[in-house]
Structure formats: structure tokens, C-alpha cells
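Here are the chains, one letter per residue:
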Amino acid sequence: PLVSADPNKEALTFDYQYGMTLSTSFTGEDSLDLVIETGGGTAGAATASAGILDMNAMGDTMTLDGITYTFPLGDALTVMVGDSTDVSALYSTACAYSAFTDLLSNCGSATAAGLGGGTDTAGTASSATAAASYDFGNGFTVAGGVSSAGGDTDGILTNESLDVYGVQAAYNTDSLGVSLSYAMTETSTTAETTFFGINAYYSLDGGPSLSIGFESEDPDASAEETGYFVGLTWDDFGPGSFSIGMS
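Residues numbered from 1 in each chain as written. Predicted model: local features only at pLDDT ≥ 70, side-chain atom pairs only at ≥ 80, totals over all residues. Heavy atoms only, no water.

S.K.: How should the overall build of the chain be read in this particular structure?
M.R.: Counting its regular elements, the chain contains three helices and twelve strands. A separation threshold of at least 6 residues defines the contact pool for the chain, and within that pool the share at least 24 residues apart is 48%. Total accessible area computed for the chain in this model is approximately 13800 Å², and 56% of it derives from carbon and sulfur atoms. (Helix = DSSP H or I, 4+ residues; strand = E, 2+ residues; numbered from the N terminus. Contact = heavy atoms within 4.5 Å. Areas by Shrake-Rupley, 256 points an atom, 1.4 Å probe, with all protein chains shown as cover.)

S.K.: How do you make sense of the state of the cysteines when you look at a structure like this?
M.R.: Covalently bonding the sulfur atom of one cysteine to the sulfur atom of another cysteine gives a disulfide. Taken as a whole and judged by the stated rule, the model has one disulfide. One disulfide bridge connects Cys95 with Cys107, the sulfur atoms lying 1.8 Å from each other. What sets the handedness of the Cys95 and Cys107 disulfide is the S-S torsion sign, and at about -65° it is left-handed. A residue pair is termed long-range when its members are at least 10 positions apart, and Cys95 in the loop between strand E4 (77–83) and helix H2 (102–105) and Cys107 in the loop between H2 and strand E5 (128–135) qualify at twelve residues. A residue is classified by how much of its surface remains accessible, and Cys107, at 2% relative accessible area, is buried. (Disulfide = S-S within 2.5 Å. Buried < 20%, exposed > 50% of the residue type's maximum accessible area, 1.4 Å probe, protein only.)

S.K.: Is there a simple way to think about the nonpolar core in this case?
M.R.: In globular proteins that are soluble, nonpolar side chains generally tend to be buried together. Counting residues in hydrophobic clusters, the biggest one holds eight residues: Val87, Tyr91, Ala112, Leu115, Ala143, Val164, Ala183 and Phe195. Each residue touching Tyr91, except ones within four places of it in the same chain, is listed here: Ala112, Ala113, Ala143, Gly144, Gly166, Val167, Gln168 and Tyr182. (Core = buried A, V, L, I, M, F, W, Y, C linked by side-chain atoms within 4.5 Å.)

S.K.: Just checking my understanding: could you explain the environment of Glu37 for this structure?
M.R.: One can find Glu37 in strand E2 (residues 31–39). C-alpha of Glu37 to C-alpha of Asp65: the two residues are 28 residues apart in sequence and 6.2 Å apart in space.

S.K.: Honestly, the sheet that holds strand E10 (residues 209–219) in this entry has me stumped. Any pointers?
M.R.: Within a sheet, neighbouring strands are paired by backbone hydrogen bonds and run either parallel or antiparallel to one another. Taken together, the twelve strands give an open sheet; going across it, the order is E1-E2-E3-E4-E5-E6-E7-E8-E9-E10-E11-E12, and neighbouring strands pair in antiparallel fashion. Single-partner strands in this sheet number two, and they are strand E1 (17–24) and strand E12 (240–246). Adjacent strand axes in the sheet meet at a mean angle of 15° when their direction is disregarded. Strand direction decides the pairing type here: strand E8 (residues 176–186) and strand E9 (residues 192–203), joined by eleven bridges, are antiparallel. Note on E9: the bridge partner recorded for Ser181 is Gly197. (Pairing = 2+ DSSP bridges. Axes fitted to C-alpha atoms, helices over the stretch in contact; angles between N-to-C directions.)

S.K.: Would you explain the environment of Val81 in this entry?
M.R.: Relative to the assigned elements, Val81 resides in strand E4. Judged by its relative accessible area of 36%, Val81 falls in the partly exposed class. What Val81 contacts, discounting residues up to four positions off in sequence, is Ile67, Thr68, Tyr69, Thr129 and Ala130.

Below you can see the structure in the form of C-alpha cells.
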């Protein structure tokens, strides 16, 4: 059953999503990866899992959700190209929080630090993505990329395609980390939205890991919005781990 459109009513729903990643290597240092997923629900359906768990509505159809090829150039540079994959796939966002629900596990910077792929004006074409990361070897990394989707009609990186661009600088160690992320997404052929995100974590000695996040969204067509996140994670909690957060 679907969640009722009436906000004063509730409904019990059952939703599922299943995925697998198939990987192979040609040189031992590169990686060709295919993501296959299936799930319940119908596209556009207002299910609870779509908003809380960020599950995809696939109508019980098995789908090739993405394909990427990642390879090194030298000792420090890693390059990734792919179809239907995220610009942020090579990011090193400073967040120690771990949770089943994507609503909190994006650590407060879902777009700036979790930038997806581009689309076309009809929202139907898959995206072509190119990204790279550089590891300076002392905990400091820089990553970024671009994604575009236009299919046979709009083309790639044209005025008609809705492209996305992102870049991140991060510093991570075993006990602390900080990352700054920037993203620009084209929302129409004449408008765009920019995002800026800050994330940090600190692992307390003998205690939990504290993660915080902040993101600002500045659309051309409306007022600026901001959001924040705070979370605690205990890595050793009984047989597993325990996390609590607020966003």
C-alpha cells in the first residue's frame, strides 16, 4: 500500500531494495564495476522508504544502475569514468557517522558532498560522469568531477543538458577530519543552484565519534536555505555498532 496523501492519515507499507556490485580488474590496479539493483514501489509513488531510506522505486524490475571504470595515473591520481554514477564517488567526506537511513548518513551535506549525476530536461537520459582525486599522502586529498546527460536530443555539456560540477578538499586522519565541498547543479537551461558544505568528525578516546555537517543551498529562483547535522557513533556496541543523530 501507498502512504496516503492526507498528512493526517498513516499507513503501514512494505518496501524493499536489493542490489549487488560486480567487479573485475584488468591490471590489478584498475576496477570495472557494475551495480545491479531491483526494488518495490512504482516511480513517483509516495512511499515512506523513498523519503526516509532513499530507496529507488523500480517496480520490481532488475536494473543496471551504474557502470564505472576506475584507474590510477601515477602514484597519487585516481580517475573514474562511468555511466549513471555520482560525481562524488571519489570524495573523502569527513564523517564517521554510519546509519542504515540515507536521510542521516549523508551527514548533512547530501548534495555538496554527495553530488549525483547530471540529467536532461526530460529527466530520462542516463548521465556520463568523469571524476578524479589526488592523494597528497599526508591525509590531504582533493577531488572533483563533472556529469552531463542529454541522450540523443540534448547532447552532453550543451546549453540544453542539465550538468553538475563538484569539487572537494579534505583532510582525514584516524581520529579527526575536515572536508569542504562545493557543487553547482543546473536546474534549467537558464538557472542553477550552488551548494557549499562543511563536514568534520572527531573520535573521542575510548568513546564515540562525533560527526557534524552544514550545508547551504543558493538557488537562482528562490531564497537561500541551510541545514545542519550532528551525530554520534559507537563502533563497538555489543555485537555491532550504535549511531544516533539529528538533522
